[in-house]
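Descriptive analysis of the structure
One letter stands for each residue in the lines below.
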Amino acid sequence: MTLKYRKSRKSANCPQRYITAAGYRLGAWQAKTKTNYRQEILPREQIQKLKAIGFDWGKPLGLASRGMTETATYFEENGPANAPRHHVTEDGFKLGDWQARTGYLGRAG
């Protein structure tokens, strides 16, 4: 669907609220795809296909930098820096999973 959108426009990216004529929420899908890309959970094959059609991933934000920044914010708001395993920030960053996967703060996944 992204390719079809690109053929009718000059960009592969669409507004987040864009819905196709068939009712598919393409804009929301693209936003989730960008989030998954930044969290490094998007399959390589999908990344390659989207790059091939000129998909713009937005401003890169290093996952390690993002995780450390979110951990500092969590600490300021909650006291201990270790977030619960299933803690997700307001904008969808899976902080608890990131800390567990990376061993950040000595957490034992």
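Our structure's up above, just so we're on the same page.
Residues numbered from 1 in each chain as written. Predicted model: local features only at pLDDT ≥ 70, side-chain atom pairs only at ≥ 80, totals over all residues. Heavy atoms only, no water.

**Re the overall build of the protein**
Each helix and strand in the protein was counted, giving five helices and zero strands. Overall, the protein shows an N-to-C arrangement of helices and strands of α-α-α-α-α. When burial is assessed residue by residue, the protein has 31% of its 109 residues classed as buried. Taking the intrachain contacts of the protein between residues at least 6 apart in sequence as the baseline, contacts between residues at least 24 apart amount to 35%. Only carbon and sulfur atoms are counted for the fraction: they give 52% of the accessible area of the protein, which is about 7,500 Å². (Helix = DSSP H or I, 4+ residues; strand = E, 2+ residues; numbered from the N terminus. Buried < 20%, exposed > 50% of the residue type's maximum accessible area, 1.4 Å probe, protein only. Contact = heavy atoms within 4.5 Å. Areas by Shrake-Rupley, 256 points an atom, 1.4 Å probe, with all protein chains shown as cover.)

**Description of the side chain of Thr 89**
Turning to its location among the elements, Thr 89 is positioned in the loop between α4 (63-78) and α5 (95-102). A polar contact of 2.6 Å, which involves the side chain of Thr 89, links it to the side chain of Asp 91. If we skip the residues at most four places from it in the chain, Thr 89 touches Arg 66, Glu 70 and Leu 95. (Polar contact = N/O pair within 3.5 Å; in protein donor to acceptor, adjacent residues only side chain to side chain.)

**Points about the packing of helix α2 (residues 26-38) against helix α3 (residues 44-52)**
Geometry of a packed helix pair, given as the angle between the helix axes and the separation of the axes. Between α2 and α3, the shortest axis-to-axis distance is 12 Å and the interhelical angle comes to 120 degrees. By the angle between their axes, α2 is oblique relative to α3. The handedness of the crossing between α2 and α3 is left-handed. Taking contact as the criterion, the partners of Trp 29, Thr 33 and Tyr 37 in α2 are, on α3, Gln 46, Ile 47, Leu 50 and Lys 51. Its residues assigned to classes, the contact of α2 with α3 shows four nonpolar, two polar and one charged. (Axes fitted to C-alpha atoms, helices over the stretch in contact; angles between N-to-C directions. Parallel < 35°, antiparallel > 145°, perpendicular 65-115°, else oblique. Left-handed = near helix turned anticlockwise from the far one by under 90°. Nonpolar A, V, L, I, M, F, W, Y, C, P; charged D, E, K, R; others polar.)

**Concerning the pattern of salt bridges**
The full count for this structure, using the stated rule, is two salt bridges. Two residues, Glu 45 and Lys 49, come together in a salt bridge whose shortest N-O distance is 3.4 Å. Of this pair, Glu 45 and Lys 49 are both found in helix α3, four residues apart, which corresponds to roughly one turn of the helix. Both residues of the pair, Glu 45 and Lys 49, count as exposed. (Salt bridge = Lys/Arg side-chain N within 4 Å of Asp/Glu carboxyl O.)

**Comments concerning α5**
Among the residues making up α5, those that are buried are Leu 95, Gly 96, Trp 98, Gln 99 and Ala 100. At the exit of α5 stands Gly 103, carrying a positive phi of roughly 75 degrees.

**Thoughts on the nonpolar core**
Counting seven residues, the largest nonpolar core is built from Ala 12, Leu 42, Ile 47, Leu 50, Ile 53, Phe 55 and Trp 57. Counting residues in each nonpolar core, the second largest holds five residues, with Tyr 74, Ala 83, Phe 93 and Trp 98 among its members. (Core = buried A, V, L, I, M, F, W, Y, C linked by side-chain atoms within 4.5 Å.)

By themselves, these observations are geometric and do not establish any function.
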